[in-house]
Amino acid sequence: MSATIRAILTQADVEFALSELPVSAVLPELLSALQLSQQVLLAAPTGAGKSTWLPLQILHHAGLPGRIIMLEPRRLAARNVAQRLAELLNQQPGETVGYRMRAENCVGPDTRLEVVTEGILTRMLQGDPLLEGVSLVILDEFHERSLQADLALALLLDVQQARDDLKILLMSATLDNARLAALLPDAPLIVSQGRSYPVERRYASLSNAFRFEEAVAREILLLLRSETGSMLVFLPGVSEIERVKRELESRVAEDIDLAPLYGALPLAVQRRAILPAAAGRRKVVLATNIAETSLTIEGIRLVVDSTLERAAQFDVRSGLTRLQTQRVSQASMTQRAGRAGRLEPGICLHLVSQEQAERAAAQSEAEILHSDLAALWLDLLQWGCQQPEQLCWLDLPPANNLRAAQRLLAQLGALDESGRLTAKGRRMAQLGSDPRLAALLCAAGDAPDRVASAALLAAVLEDPPRSGSPDLRDALLRPQPQWQRRAQQLQKRLRISGGRVDVDRIPALLAAAFGDRLARRRGEGGRYQLANGIGAMLDEQEGLTRHEWLIAPLLLQGNASPDARILLALPVEIDRLCQQAPQLIETRTEVEWDEEKGTLRAWRREQIGALVLKAQPLAKPQPEALHAAMLRWIREKGLKVLNWSPEAEQLRLRLQCAAQWLPEESWPAMDESTLLETLERWLLPEMTTVRDLKGLQGINLVGALLHLLTWTQRQRLDSALPTHYTVPTGSRLPIRYDAEKPPALAVRIQEMYGEASNPAVAEGRVPLVLELLSPAQRPLQITRDLAAFWRGAWPQVQKEMKGRYPKHPWPDDPANALPTRRTKKYSPQG
């Protein structure tokens, strides 16, 4: 550390000590933990100074030789934290303290503390897997469990395997201590109790007699009239902010300023919301959960919490994201309430009953569990990780979401048949953009005009217009300054400058990344079908509805409608697009059921995904094409179209039971989705002579399913889970397997004489349920403990059976009697 920086920090340190921020009480303990441990957990309440004071203290006192990187989950928070830290040093950002985020880089040669946003840290790790020159990484507001924060932690723990001098500090007001302790058992937990002012937490359910914005506005006005100070209102999204703002505009007092705050606002507008109200005035900040953490909004004494948030939920089936309004966690409510007690005693009104608040989830659900994982999987492959289990996660990425990510990356040309990165995939990963946008940039090649067009297009799609026309041409022909700046950065990253934007090139570039979102009009009312098979819609008043073909890179899955909403689209001339991008067209042989003739018909179709361009009937398709088409038809219709005999159903059930009872063996999955995915492995080998539906339904599915088993597995299945059980008389009786019930054996009670204990399957692990029958095959007793039955209930059954079937033997000690299928006159005892 230079003498100048040390002098600046020493002076600042004195000033900080005078401020007596709450977190200062645990500073010695934290510094000691950083000396002794690779990972440290810090729980400190809102306003304790953990983001805007502590990092400088660590920089000055911890004796770390390298830089400190602090990850902030939100761009606005990152910029403001860096600004505040620099101000404390009487400097500008870019000197001792700097920040980096998409499209902004404010660091210099003397920067020792970098505040970075999500994605930037991942790019830093990919560029330098050992993070040379970095001594500490701080993950701030970790309770939010963002996708990038979880990925960063997994990668950093991997780096620590090679660098035992790299430290990780996880900070938040509300950490999930039990989960983190399980993942990081050696990490000390340091808790700052804080000295914020008391906050009175009140609860009030919204009246159903009013619209949401009316009911919220009423509660805001009541609190403003009865209390002093400025207010922060948490609302789920931008639309609710605008509606509540309209409700308040004509009803608040003249000395009150309304200030919206959300991520898409210009920086100057966001800054006005954060700064204190002018002298003699009050402020009402209407914010999304962007204001929940890290940001210090000056002068707030009152908080109104709608207890709602808008969360993105990825739909694996459609590949689209749905914005879902949901109740926030108790941890988030605590964070929001803490905003009211920064400067004086405050009040937080939660717009929910106290009972409902207490039933809310303790912590927010990790983003990794319900997100599109294409970018994450691309990062993992670039890291050299082929299996997520190789890294340490708080929550393992869900298998279904990973499969969807792999399908998309393969469609974009980033993966080869073995699932590894192609040359294009490696280039996409190095660009650090969303995978679709990276594919778009790669598709531009090295022609300056194409690169300029792709760069502007990617810039617009990264930061799309929030209102106005959904026609993408409007944005491209009248680009905003931030898009032009970002486009220049992307061109610089591609190392190709110059060129001019050519709108005629845009459809083919879009198709390289969003070919599955080509849309064809169907009927009236702005309804379209996408190439991926799902429906989409535009407002029927929009001018774009005049066009039969669109490509829609920006879609939002609706909650009320099965159709996605088209947010941004470009009209295309389909013939010209097919000439420019012939790789989109696939010639396929398809079969479909002809209801009138009761048979399958074959067609050759040229199509882009689900959108058919041309169709021609086929009299005698080639077997390979026909069989592939049949498999696609089965996948569409489901396994029910096959002829499942009782033997085949039982084999499938036996394999399901084997996976449950003999888990040490890698049994093939028997659920419908897996069987449909693996038709080529088990059904196709049995289809050699199949030419029609009759032949398809004549396939022996028992033999087909056995293709999924090794010879050893077949032997073990027949031994451990046999189809039949031989009872003491020598009769070979079928065992009935069930997915949810224990296996059962129906047998006449006399044939079990001489059997002292209950028979079992799965190598003795699972007793059979014995359905003991009378000589007339009627149920007498059901038991899983034959020995207990002989000792207990048998005398009662014996007495009843002797009276009803006197010609049959009913011994006093059936466990040691000879079994029989006959009456007394043929019995060896008779």
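What you are looking at is a predicted structure, and each value in this text was computed from that prediction instead of being measured.

A. Region of the structure containing the overall build of the chain. If you tally the helices and strands in the chain, you get 30 helices and 31 strands. With respect to the three principal axes, the spread of C-alpha positions in the chain is 110 × 70 × 60 Å. The buried share of the chain, reckoned over its 830 residues, is 52%. Sequence separation of 24 or more characterises 67% of the internal contacts of the chain that already satisfy a separation of 6 or more. For the chain, the accessible area works out to roughly 38,100 Å², and carbon and sulfur atoms hold 47% of it. Computed over 99 positive and 98 negative side-chain charges, the inter-centroid distance for the chain is 4 Å.

B. Focus on the environment of Leu-31. Turning to its location among the elements, Leu-31 is positioned in helix α2 (residues 27-36). Looking at Leu-31, the relative accessible area reads 15%, which means it is buried. Placed 27 residues apart in sequence, Leu-31 and Ile-58 show a C-alpha to C-alpha distance of 7.1 Å.

C. Structural detail: the packing of helix α5 (residues 120-127) against helix α6 (residues 147-160). It is at 9 Å that the axes of α5 and α6 come closest, and there the two elements cross at 25°. One finds that α5 runs roughly parallel with respect to α6. In the packing of α5 onto α6, the handedness of the crossing is left-handed. In this structure, α5 uses Leu-121, Thr-122 and Leu-125 to contact α6, whose residues at the interface are Gln-148, Leu-151, Ala-152, Leu-155, Leu-156 and Val-159. The residue inventory of the contact of α5 with α6, partitioned by class, reads seven nonpolar, two polar and no charged.

D. Main features of the UniProt feature "domain: Helicase ATP-binding" (unreviewed entry) in the chain. Taking the numbering used here, the UniProt-annotated feature "domain: Helicase ATP-binding" (unreviewed entry) corresponds to residues 31-193. The span residues 31-193 is 35% helix and 24% strand, and its two end C-alpha atoms sit 17 Å from each other.

E. Highlighting helix α17 (residues 448-462). In this model α17 runs 21 Å from its N-terminal to its C-terminal C-alpha over 15 residues, within 8% of the 21 Å that 1.5 Å per residue would give. Of all the 15 residues making up α17, twelve are buried; the element is thus mostly covered by neighbouring parts of the structure. Buried within α17 are the following residues: Val-451, Ala-452, Ser-453, Ala-454, Ala-455, Leu-456, Leu-457, Ala-458, Ala-459, Val-460, Leu-461 and Glu-462. At its buried positions, α17 is contacted by α16 (435-443), α18 (472-477), α19 (481-494), α20 (506-514), β20 (549-557) and β21 (564-571).

F. Summary view of the sheet that holds strand β9 (residues 199-203). Strand order in the open sheet formed by six strands is β9-β16-β13-β10-β12-β11, with parallel pairing between adjacent strands. Only two strands of the sheet have a single partner each, and these edge strands are β9 and β11 (256-261). Shown here is a sheet whose adjacent strand axes are inclined to one another by a mean of 15°, direction ignored. Sheet analysis places β9 next to strand β16 (residues 346-350), joined by five bridges and oriented parallel. Within β16, the position partnered with Tyr-203 by the bridge is His-350. With respect to the sheet, helix α9 (residues 238-249) is in contact with β11 and β12 (282-287), its orientation differing from that of β11 by roughly 170°.

G. Broad picture of the packing of aromatic side chains. In this structure the tally under the stated criterion is seven aromatic pairs. Taken together, a centroid distance of 6.1 Å and an interplanar angle of 80° make the contact between Tyr-753 and Trp-794 edge-to-face. Here the residue Tyr-753 occupies a position in the loop between β27 (744-748) and β28 (760-761), and Trp-794 occupies one in helix α30 (residues 794-804), the gap between them amounting to 41 residues. Of the residues examined, Tyr-753 reaches a relative accessible area of 1% and is grouped as buried. Here the aromatic cluster, defined as three or more aromatic residues joined through ring pairs, consists of Tyr-753, Phe-789, Trp-790, Trp-794 and Trp-810.

H. View of the sheet that holds strand β2 (residues 67-72). Read across the open sheet, the eight strands follow the order β4-β3-β5-β2-β6-β7-β1-β8; overall the sheet is mixed. Edge positions in the sheet fall to β4 (104-106) and β8 (189-191), since each of these pairs with one other strand and no more. Averaged over all pairs of adjacent strands, the angle between strand axes in this sheet comes to 20°, irrespective of strand direction. Along the sheet, helix α4 (residues 75-88) contacts β2, β3 (97-101), β4 and β5 (113-117); its crossing angle with β3, the most-contacted strand, is approximately 170°. Contacts from α6 reach β1 (39-43), β2, β6 (134-139) and β7 (167-172) within the one sheet, and its direction differs from that of β7 by about 155°.

I. Looking closely at the pairing of β2. By the criterion of burial, β2 is predominantly enclosed, with five of the six residues buried. Note: β2 against β6, five bridges, orientation parallel. Each residue of the ladder has a partner; that of Ile-68, found in β6, is Leu-136. Note: β2 against β5, five bridges, orientation parallel. If you follow Met-70 over to β5, its bridge partner there is Val-115.

J. Representation of unusual backbone geometry in the model. Even without being a glycine, Arg-145 presents a positive backbone phi close to 50°. Looking at the secondary structure, you find Arg-145 in the loop between β6 and α6. At Gln-777, a residue that is not glycine, the phi angle is positive and equals roughly 70°. When you line up the elements, Gln-777 lands in the loop between β30 (769-773) and β31 (779-783).

K. Spatial organisation of the side chain of Thr-589. Along the polypeptide, Thr-589 turns up in strand β22 (residues 586-594). By relative accessible area, which is 10% here, Thr-589 ends up buried. Beyond its immediate stretch of four places on either side in the chain, Thr-589 contacts Trp-603, Arg-604, Leu-618, Pro-621, Ala-625, Ala-629 and Arg-632.

Cut-offs and rules
- Residues numbered from 1 in each chain as written.
- Predicted model: local features only at pLDDT ≥ 70, side-chain atom pairs only at ≥ 80, totals over all residues.
- Heavy atoms only, no water.
- Helix = DSSP H or I, 4+ residues; strand = E, 2+ residues; numbered from the N terminus.
- Buried < 20%, exposed > 50% of the residue type's maximum accessible area, 1.4 Å probe, protein only.
- Contact = heavy atoms within 4.5 Å.
- Areas by Shrake-Rupley, 256 points an atom, 1.4 Å probe, with all protein chains shown as cover.
- Lys, Arg positive; Asp, Glu negative; His and termini not counted.
- Charge placed at Lys NZ, Arg CZ, Asp CG, Glu CD.
- Axes fitted to C-alpha atoms, helices over the stretch in contact; angles between N-to-C directions.
- Parallel < 35°, antiparallel > 145°, perpendicular 65-115°, else oblique.
- Left-handed = near helix turned anticlockwise from the far one by under 90°.
- Nonpolar A, V, L, I, M, F, W, Y, C, P; charged D, E, K, R; others polar.
- UniProt positions renumbered as here; feature names shortened; annotations may be inferred.
- Expected span 1.5 Å × (residues − 1).
- Pairing = 2+ DSSP bridges.
- Phe/Tyr/Trp six-rings, centres within 6.5 Å; stacked < 30°, edge-to-face > 60°.

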